[in-house]
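Summary of structural features
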Protein chains: 2
Amino acid sequence: MNAHETRAAEIAAGILRGERGTLARAITLAESSRDDDQELASQVITNVLPATGKALRLGVSGPPGVGKSSFVEALGCHILDRHKVAVLAIDPSSPKTGGSILGDKTHMEELARSERAFIRPSPGGTSFGGSSFGGSSFGGNTLGGVAAHTREAILLCEAAGHDVVLVETIGVGQSEYAVADLCDLLLLLVQPGAGDELQGIKRGIMEVADALVVTKADGDLTAPARRAHQDLVAAIHVRHASAPMPPVFVCSARERTGFAELWREISACHAGWVESGEIARRRAAQDLRWFEREIEVQVVKRFLAQSSVAAAMPIVIAEIRERRTTPLVAARRMVRSVLGG
Amino acid sequence: MNAHETRAAEIAAGILRGERGTLARAITLAESSRDDDQELASQVITNVLPATGKALRLGVSGPPGVGKSSFVEALGCHILDRHKVAVLAIDPSSPKTGGSILGDKTHMEELARSERAFIRPSPGGTSFGGSSFGGSSFGGNTLGGVAAHTREAILLCEAAGHDVVLVETIGVGQSEYAVADLCDLLLLLVQPGAGDELQGIKRGIMEVADALVVTKADGDLTAPARRAHQDLVAAIHVRHASAPMPPVFVCSARERTGFAELWREISACHAGWVESGEIARRRAAQDLRWFEREIEVQVVKRFLAQSSVAAAMPIVIAEIRERRTTPLVAARRMVRSVLGG
């Protein structure tokens, strides 16, 4: 065993003992843009792999202001006596701004105080995805890069004994699809209020959500939340005429109401899907997509790293800008000149 | 000049003379999955490139049933005395089913009769995107593959003298983003009816749409269309408090009302953006993304075509299925074993 393998084994052992600091450091390694860090993280994950896969992986998404963090804290606290909870976040703003949706205000003070909870606010300010050049970022889907690191973080949390992993994301752009693709179940949170407010729900996301949850059913918003619940049930009934309908729940993070019913249904659904093989089927499909995406990322990264590519790139981009060639022809020519054929 | 170049020159000349049959055949070549067809199409496009880029490229999207085809026909007929119109379609269902959203009913009988219009209902039943294996399709974004062919079709239509190119797509999944990325302006069509009906509008797509159009403002739906218009103006006002607001139009394809105002605004906006350099800026960014995407597609295709990759693939996929390795580690290992390093 070389020094590298020894270090990986030590980190893996720490994670399996449930050391939160070691878990946090391993996730940082996985998120690092340095090759040696990623290599070490991969070795650690390989070591702990037999101890992974046991958690209920629950995605939580919704529009800005819907109260995701309060919801996650309330749900986490509700199940903390029976489960070790981990909270992760996919932050679609991170690749561009280096900022964080959760960094400044986590709203999870109570959950954070528990020894049984592990909270990782966001992938932080590290940069993800492929190389960038010409003022534009390669790799197409930098969100995919962030999601790839979250997949590794889920495995690490599972190895540390967390049997519920909550993955939250803000519902902008394509981030819900990224979360849906790495969780067993996806909850879509919805603002109380009908009509106008419900506009924010995307048609596509309704189809990947396994359940809808109307938040903030307290105080002045109790009646609007109930109306939103009815409207959603009616809307879903129309849309899902021939398919199983996702259930709609109502809850209040402030008053901690609705979580018992919500969790009962979610955990029963998950247990049923584990039994029926649906979870295994979903995860196998997710793993295959992750593999394909990673092949793409690695192969393109190798190509762009070649010195002949780097040298030709500004010239080719100038030709495209001056409309002396089409992007398609330029790309084919460049690939052929570097890889032959 | 070899036989290949001679044939490309002949096709290019036919397109530049405005021959509709030649234009149609050239688009078929670009859509073909055969390498020699694509090579010929690229040569044709390179030949006609100086004659391209002059059209107003207008995307039209909206939910199923909103009346896109009727809208496109009515708009096309409205401008036919001043413009040569081409209609293209991006069909998100095509890569999977081989079917077509427009194939069976084009709703464009009147436009189709004109010598000045060219209608290409959909990319047809050809297959796009990268190779597929293991029950899943590589390339991540087969829609991107369809869109790439539509980009070439736009250039070919421009070369044939079409100075307005309408690109329609059904608003499901991610297809609107694909259309937004190859047009100068995107119109989002909206059903008349408020509240519930407006739910179908995705938050994200509102941000890439340059204008909204309420359709079917005739008969019983005249009043609902007007209400939808008011609701949309109010909703946009709230959302775009600090940004320029996309205008909202109302029209009836059946009664042919609203199109004069709509076209006046669209063409004035486009002319202003040509003047200001906004169109050039948008197209340069689109071309760069097209180039990057095409590099990815080509490089991954080359990788997957290698015999060692094809041989190793089933073994690696089995390892992932049996959870003996993670997709990330498996992908890195495979890329390293084939490309070295």
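The structure contained in this document is the topic of the report that follows. (Residues numbered from 1 in each chain as written. Chains lettered and ligands numbered in written order. Predicted model: local features only at pLDDT ≥ 70, side-chain atom pairs only at ≥ 80, totals over all residues. Heavy atoms only, no water.)

Section: the overall build of chain A
- Along its length, chain A carries 14 helices and nine strands.
- Relative to its full complement of 341 residues, chain A shows a buried share of 53%.
- Sequence separation of 24 or more characterises 76% of the internal contacts of chain A that already satisfy a separation of 6 or more.
- Here chain A displays about 14200 Å² of accessible surface, and carbon together with sulfur accounts for 53% of that area. (Helix = DSSP H or I, 4+ residues; strand = E, 2+ residues; numbered from the N terminus. Buried < 20%, exposed > 50% of the residue type's maximum accessible area, 1.4 Å probe, protein only. Contact = heavy atoms within 4.5 Å. Areas by Shrake-Rupley, 256 points an atom, 1.4 Å probe, with all protein chains shown as cover.)

Some thoughts on the environment of Glu31 of chain A
Residue and element names in this part refer to chain A.
- Examined against the element boundaries, Glu31 turns out to sit in helix H2 (residues 20–31).
- On the basis of relative accessibility, which here comes to 9%, the residue Glu31 falls in the buried class.
- Sequence-wise, Glu31 and Glu152 are 121 residues apart; in three dimensions their C-alpha atoms are separated by 8.9 Å.

Structural notes on the pairing of strand E1 (residues 56–62) of chain B
Residues and elements named next belong to chain B.
- Judged by how many residues are buried, E1 sits mostly within the fold: seven of seven residues are covered.
- Burial along E1 is two-sided: the face carrying Leu56, Leu58, Val60 and Gly62 and the face carrying Arg57, Gly59 and Ser61 are both buried.
- The pairing of E1 with strand E6 (residues 164–170) spans seven bridges and is classified as parallel. Across the sheet, residue Leu56 finds its bridge partner in E6, namely Val164.
- Both E1 and strand E7 (residues 185–190) contribute to a ladder of four bridges, which runs parallel. Residue pairing in the sheet places Ser61 in a bridge with Leu188 of E7. (Pairing = 2+ DSSP bridges.)

Things to note about H2 of chain A
- Over its 12 residues, H2 of chain A extends 17 Å from the first C-alpha to the last, a length consistent with the 16 Å expected when each residue adds 1.5 Å.
- Those residues of H2 of chain A that fall on the buried side of the exposure criterion are Thr22, Leu23, Ala26, Ile27, Leu29, Ala30 and Glu31 of chain A. (Expected span 1.5 Å × (residues − 1).)

Quick notes on the pairing of strand E2 (residues 85–90) of chain A
Residue and element names in this part refer to chain A.
- Of all six residues making up E2, six are buried, and the element is well covered by its neighbours.
- Burial along E2 is two-sided: Val85, Val87 and Ala89 facing one way and Ala86, Leu88 and Ile90 facing the other are all buried.
- Where E2 and strand E3 (residues 117–119) come together, three bridges link them in parallel fashion. Along E3, the bridge assignment pairs Ala86 with Phe118.
- Direction of pairing for E2 relative to strand E6 (residues 164–170): parallel, over a ladder of six bridges.

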